[in-house]
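# Chain and residue survey
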Amino acid sequence: MLQMERIGIYPGSFDPPTLGHVDLIERASGLVDRLIVGIGINSQKTPFLDIETRTQALRECTAHLPNVEVEAFTGLLVNWAETKNCRILIRGLRAVSDYDSEFRIAMANRSMAPDIETVFLIARDTYSFLSSSVVREAATLGGNYSQFVPEPVYHRIEKALGRTD
Ligand code: ADP
């Protein structure tokens, strides 16, 4: 029997990508044949790192994973997923506080696209406190945040904040 390729999408803002995101990508990439990291473009908000910078940084951080691709997308996630023949959405769960909003998003997505399943991976305990907003705050206020982000992200943040060339 011809086996269908299992394509997963891990969507998010990744603004900026953190070690928690990369850990999730590594773990999710082992569960599917192809994993597409989808960076959602939100034209309403001014991002911390622009879309091109986040895309390049995530590509560098996942270069060791041959079945992972990184792409930006606009519009509704489930519509984009359907164009990619993807039926698996991956999201991370850190604390119980993530559950409420994740539950609502997953239910809305299921109602719009019943064939697409959302799969949740529990955050690794060392990263369970880690969020993009913690990194944005620490970086902007001059804290030491290098332990929260992969190197390709660190140097791009320093550059965006005008601290290096
Ligand atoms: P969004 O803006 O869509 O919430 P994020 O970029 O903040 O996207 O996060 C993308 C996904 O990664 C979400 O499912 C989030 O729960 C998960 N995530 C964020 N940080 C971590 C972490 N430290 N460990 C595991 N998963 C995480």
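These lines cover the structure that appears in this document, whether it is placed above or below.

### Examining the nonpolar core
- Judged by nonpolar contacts, the single largest core of 16 residues is most densely connected at Tyr10, Ile25, Leu35, Val37, Leu58 and Ile90.
- Every element with two or more residues in this core is listed here: α1 (19-29), β2 (34-40), β3 (68-73) and β4 (88-93).
- Sequence-distant contacts of isoleucine 25, that is, excluding residues within four places in its chain, are made with Tyr10, Leu35, Val37, Leu58, Thr62, Leu65 and Val68.
- Counting residues in hydrophobic clusters, the runner-up holds 13 residues, among them Val22, Leu130, Val135 and Phe148.

### Comments concerning the layout of surface pockets
- As a volume, the largest pocket reaches approximately 1,200 Å³.
- Contributing to the lining of the largest pocket are 47 residues, with Pro11, Gly12, Ser13, Phe14 and Arg91 lying nearest its centre.
- Of all the secondary structure elements, the ones that give two or more residues to the lining of the largest pocket are β1 (7-12), α1, α2 (51-61), β4, α4 (96-112), β5 (117-122) and α5 (132-140).
- Among the elements that make up the lining of the largest pocket, the one with the highest residue count is α4 (seven residues).
- In this structure, the second largest pocket encloses a volume near 160 Å³.
- Gln3, Met4, Glu5, Arg6, Ile7, Asn85, Cys86, Arg87 and Ile88 together form the lining of the second largest pocket.
- Looking at the lining of the second largest pocket, its residues break down into four nonpolar, two polar and three charged.

### Describing the site of the ligand
- Among the 16 residues in the neighbourhood of the ligand, the closest are listed as Tyr10, Ser13, Phe14, Gly92 and Tyr127.
- One of the backbone N or O atoms of tyrosine 127 is found 2.9 Å from a nitrogen atom in the ligand.
- Burial of the ligand by the surrounding chains reaches 84%, relative to a free accessible area of 550 Å².
- Secondary structure elements with two or more residues in the shell around the ligand: β1, α1, β4 and α4.
- Split into classes, the residues belonging to the shell around the ligand amount to seven nonpolar, five polar and four charged.

### Some points on α4
- Helix length check: α4, at 17 residues, gives a terminal C-alpha distance of 25 Å against a target of 24 Å (1.5 Å per residue), a fit within 8%.
- Where α4 bends most, at glutamate 102, the angle is about 25°.
- Taken as a whole, α4 has its buried residues at Asp98, Glu102, Ala106 and Asn109.
- Elements that come into contact with the buried residues of α4 comprise α3 (77-83), β4 and β5.

### Quick word on the environment of leucine 161
- Note that leucine 161 resides in the segment after α6 (151-160).
- When the C-alpha positions of leucine 161 and alanine 139 are compared, they lie 8.5 Å apart, and in sequence the two are 22 residues distant.
- Contacts of leucine 161, omitting those with residues within four sequence positions, involve Phe48, Ala139 and Thr140.

### Overview of the pairing of β3
- Where β2 meets β3, six bridges bridge the pair, whose relative direction is parallel. Its bridge partner being in β3, isoleucine 36 is matched across the sheet by glutamate 69.
- In terms of handedness, the path from β2 via α2 over to β3 forms a crossover that is right-handed.

### So, the sheet that holds β4
- If you trace the five strands from one edge of the open sheet to the other, you get β3-β2-β1-β4-β5, paired in parallel fashion. The open sheet has two free edges, formed respectively by β3 and β5, since each of these has just one partner strand. Strand-to-strand twist of the sheet, defined as the mean angle between neighbouring strand axes without regard to direction, takes the value 30°.
- Across six bridges, the pairing between β4 and β5 is parallel. Bridging across to β5, isoleucine 90 finds its partner in valine 119.

Rules behind the numbers
- Residues numbered from 1 in each chain as written.
- Predicted model: local features only at pLDDT ≥ 70, side-chain atom pairs only at ≥ 80, totals over all residues.
- Heavy atoms only, no water.
- Core = buried A, V, L, I, M, F, W, Y, C linked by side-chain atoms within 4.5 Å.
- Buried < 20%, exposed > 50% of the residue type's maximum accessible area, 1.4 Å probe, protein only.
- Helix = DSSP H or I, 4+ residues; strand = E, 2+ residues; numbered from the N terminus.
- Contact = heavy atoms within 4.5 Å.
- 1 Å grid on protein atoms, 1.4 Å probe; cavity = no way out; pocket = protein on both sides within 12 Å on 5 of 7 lines; lining within 4 Å.
- Points joined across faces, edges and corners; volume = space filled by probe spheres on them.
- Nonpolar A, V, L, I, M, F, W, Y, C, P; charged D, E, K, R; others polar.
- Near = heavy atom within 4 Å.
- Polar contact = N/O pair within 3.5 Å; in protein donor to acceptor, adjacent residues only side chain to side chain.
- Areas by Shrake-Rupley, 256 points an atom, 1.4 Å probe, with all protein chains shown as cover.
- Expected span 1.5 Å × (residues − 1).
- Bend = angle between axes of the 7 residues up to and from the residue.
- Pairing = 2+ DSSP bridges.
- Right-handed = clockwise from strand over helix to strand, strands pointing away.
- Axes fitted to C-alpha atoms, helices over the stretch in contact; angles between N-to-C directions.

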